[in-house]
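Take a look at the letters that make up each chain.
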Amino acid sequence: MDKEIKDPEGILKVITALFGKLPAYIINSEKEYPVKIIALKNKALIINTNLKFPSRDRILTVVHNGSKFLAHFIVAGGDGNGIEILTPVKIQITPASRQSSRVDTSQIQSGMVVSNIINVNDVSKAIGFDDKKVDAILLAYRAKLTKAFPLSSIFFAGRMDNRLRLMHHYDKDIFIIDRKEKSSASADFFPFDEYLRIFDSSKIPDTYTSEICVPIKYKGYVHLGYVQVLSEKPLDFEIYKQIQTFANAVSRDIISTGVFQESRDVCQVMDLSMGGISFIHAPSRSFSRSVTLNGTILFDLNLESGKRVTIRGIIKNIRNQETNFRVGCQFYNLTEKDVEVLEAFLNVEKEESPAVETPMEAQESNADIGDENKEDTSSVIGTVDEPDDPFGGAMDSELTSEEPSPES
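All values derive from a computational prediction rather than experimental measurement. (Residues numbered from 1 in each chain as written. Predicted model: local features only at pLDDT ≥ 70, side-chain atom pairs only at ≥ 80, totals over all residues. Heavy atoms only, no water.)

Observations regarding the pattern of salt bridges
A side chain of one charge can pair with a side chain of the opposite charge if their charged atoms are brought near each other. Quick note on the threshold: Salt bridges, as used here, are contacts in which a Lys or Arg side-chain nitrogen is within 4 Å of a carboxyl oxygen on Asp or Glu. Put simply, DSSP marks the helices as runs of H or I at least four residues long and the strands as runs of E at least two long, and each gets a number from the N terminus on. Burial here depends on accessible area, computed with a 1.4 Å probe over protein chains only, as a share of the maximum for the residue type. Under 20% is buried, over 50% is exposed, and the range in between is partly exposed.
Throughout the structure, instances matching the rule amount to 16 salt bridges. In this structure, K13 and E9 form a salt bridge, with 3.5 Å as the shortest nitrogen-oxygen distance. Of this pair, K13 and E9 both sit in helix α1 (residues 8-18), four residues apart, which is roughly one turn of that helix. Overall, K13 belongs to the partly exposed group, its relative accessible area being 42%. A relative accessible area of 54% means that E9 is categorised as exposed. Residue E32 is joined to K68 by a salt bridge in which the shortest nitrogen-to-oxygen separation is 2.4 Å. Highlighted residues: E32 in strand β3 (residues 31-34) and K68 in strand β7 (residues 67-78), separated in sequence by 36 residues. Connected via shared salt-bridge partners are K219, E262, D300 and R308.

What follows is the structure in structure tokens.
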């Protein structure tokens, strides 16, 4: 049965509980596209999208517990380069239905497997402890960096500082050619005005006018730290590319130490689409540690010989199949590179809508894992087990008083 929420307090509670914690999509020309949620601030949702719209109306969707939430907004502002401030109007709740079919692996490729599974919580925990191998790598890279760029540093920690948190939410590197000349800024990088606010609250001397700051990421998804270069004179794009390569090298060598305890289980893929995947997992120790309902995981999907993508997804259902478990996972804000590889492999159009769980599937999966996981959408607040504050502490004070956790 369809429901509608119109009172402002109820709307904000649903947005707080679901949007930013679950994969969100935006409707354009009757199709759904992934959308980046940046923050909930001053009772408005801030998003990042490259799509063009004919009006100021926006509809964002998420799927939770067999129901689809369609949040209607009006554009209240933005920067004209993809950042939009949306004021909520109402939320419709309807039964979820699959919008794109999944392909049985026997129809496209036998032998597809999932490997190197890790829970995003475990990624953040791994860098929260002292590790001699990691310390040695960082020491060596800091020495190389300061030799080439004396005014530089490497931040690496289990908890994000404000600069890293904002780069995560905007999903853009910082490249400021001249802090005192807005016309030098590019929309491809971190918003210029937002950077000025960071600079004003930082301890960086006013003599520095140029900055490059590139995140160090775990397999392109989880932010571990960043490489920062400051200059009193304008830095150019060639230097930015060098720092980008440098940050990737730091990430690669830290991952190679084995500090991140990825599962050694190799899991057979059962079906796959642009929106999700299901695979078979044995009841091992790593399964009980990493695979939890509504938990966020990262894993490598081996498509065929020499072709592999890293996937971030939210576990939507776990089904007991006597000797093994069948795990259903919905993809969550994949990188552009991984999306392109999947599209080429599945031979689909770029505008294909995401796959979502049907109400019947939700009932079956809940029955498999126990009655304690069944929830009514009317009590949706706090039901999503996501490991971080998706809005990075940028939410209204009256809506949350919790300290933001490490990112996912």
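Observations concerning helix α4 (residues 132-148)
The test is simple: The span expected for a helix works out to 1.5 Å for each residue beyond the first. Note that the arc is defined by the directions from the helix axis to the C-beta atoms. Two residues form a contact once any of their heavy atoms are found within 4.5 Å.
Over its 17 residues, α4 extends 25 Å from the first C-alpha to the last, a length consistent with the 24 Å expected when each residue adds 1.5 Å. Listed as buried for α4 are V134, I137, L138, Y141 and L145. Buried residues of α4, seen end-on, are gathered within an arc of 95 degrees and therefore sit on one face of the element. Those residues of α4 that are exposed and aimed more than 90 degrees away from the buried face are K132, L139 and K147. For α4, the secondary structure elements touched by its buried residues are β11 (152-156), β14 (222-231) and α7 (237-255).

So, the nonpolar core
In summary, soluble globular proteins display a tendency toward joint burial of nonpolar side chains. Quick reminder of the rule: Nonpolar cores are built from buried Ala, Val, Leu, Ile, Met, Phe, Trp, Tyr and Cys residues. Side-chain atoms within 4.5 Å join them into one set. Each domain's extent is set by a domain assignment, obtained either automatically or from a database.
The biggest cluster of nonpolar side chains holds 64 residues, and the ones touching the most others in it are F260, L272, I277, L301 and L342. Mapped onto the domain boundaries, this core takes at least three residues apiece from domain 2 (103-121 + 261-349) and domain 3 (130-257). When near neighbours in sequence (up to four residues on either side) are disregarded, L342 contacts L272, M274, L301, L303, V309, I311, F331 and L334. The next biggest cluster of nonpolar side chains, apart from the first, holds 29 residues, and it includes I11, Y33, L45 and F73.

With respect to the packing of helix α5 (residues 162-170) against helix α6 (residues 192-201)
What counts is decided by this rule: Lines fitted to the C-alpha atoms define the axes, with helices restricted to the stretch that makes contact. Angles between their N-to-C directions range from 0 to 180 degrees. Convention used here: angles under 35 degrees read as roughly parallel, angles over 145 as roughly antiparallel, angles from 65 to 115 as roughly perpendicular, and any remaining angle as oblique. Throughout, a crossing is termed right-handed when the near helix is turned clockwise from the far one, and left-handed when it is turned anticlockwise from it by less than a right angle. When residues are grouped by polarity, Ala, Val, Leu, Ile, Met, Phe, Trp, Tyr, Cys and Pro land in nonpolar, Asp, Glu, Lys and Arg in charged, and all others, Gly among them, in polar.
Direction vectors running N to C along α5 and α6 enclose 170 degrees, while the axes themselves pass 11 Å from each other. It follows from the interaxial angle that α5 and α6 lie roughly antiparallel. Between α5 and α6 the crossing geometry is right-handed. Each of R163, L166 and Y170 in α5 lies in contact with α6, whose residues at this interface are E194, Y195 and I198. Tallied by class, the residues present in the contact of α5 with α6 amount to four nonpolar, no polar and two charged.

Digging into the sheet that holds strand β12 (residues 174-176)
As a reminder, the rule being used: For two strands to count as paired, DSSP must find a minimum of two bridges between them.
Judged by pairing direction, the sheet is antiparallel, and its four strands sit side by side in the order β11-β14-β13-β12 without closing on themselves. Each edge of the open sheet is held by one strand with a lone partner, namely β11 and β12. The mean angle between the axes of side-by-side strands here comes to 15 degrees, regardless of whether they run parallel or antiparallel. Relative to β14, β11 runs antiparallel, the two sharing five bridges. Paired with S153 across the two strands is Q228, which belongs to β14. Lying on the sheet, α7 is in contact with β11, β12, β13 (210-218) and β14; it crosses β13 at an angle near 25 degrees.

Examining α6
Of all the positions in α6, only F192, E194, Y195, I198 and F199 are classed as buried. Mapping the buried residues of α6 onto a view down its axis gives an arc of 155 degrees, with all of them on the same face. Relative to its buried face, α6 has exposed residues pointing more than 90 degrees away, namely D200 and S201. Structurally, α6 contributes buried residues whose contacts are with α5, β12 and β13.

Details of the packing of aromatic side chains
So the rule is basically this: Between 30 and 60 degrees the pair is tilted, below 30 it is stacked and above 60 it is edge-to-face, where a pair is any two Phe, Tyr or Trp rings, Trp via its six-membered ring, whose centres lie within 6.5 Å. For a lysine, the NZ atom is tested; for an arginine, the CZ atom; a charge sits over a ring if that atom is within 6 Å of the ring centre and within 35 degrees of the ring normal.
Enumeration over the complete set of coordinates arrives at 12 aromatic pairs. Plain terms: the ring middles of F175 and F189 are 5.2 Å apart, the flat faces sit at 80 degrees to each other, and that makes the pair edge-to-face. With F175 in strand β12 and F189 in the loop between β12 and α6, this pair connects stretches of sequence that are 14 residues apart. For F189, a relative accessible area of 11% gives the class buried. Grouped by ring-pair contacts, the aromatic residues F175, F189, F237 and Y240 constitute a single cluster. The side chain of R58 reaches across the aromatic face of F53, ending 3.9 Å from its centre. Lying over the aromatic face of Y332, R312 brings its terminal NZ or CZ to 5.0 Å of the ring centre.

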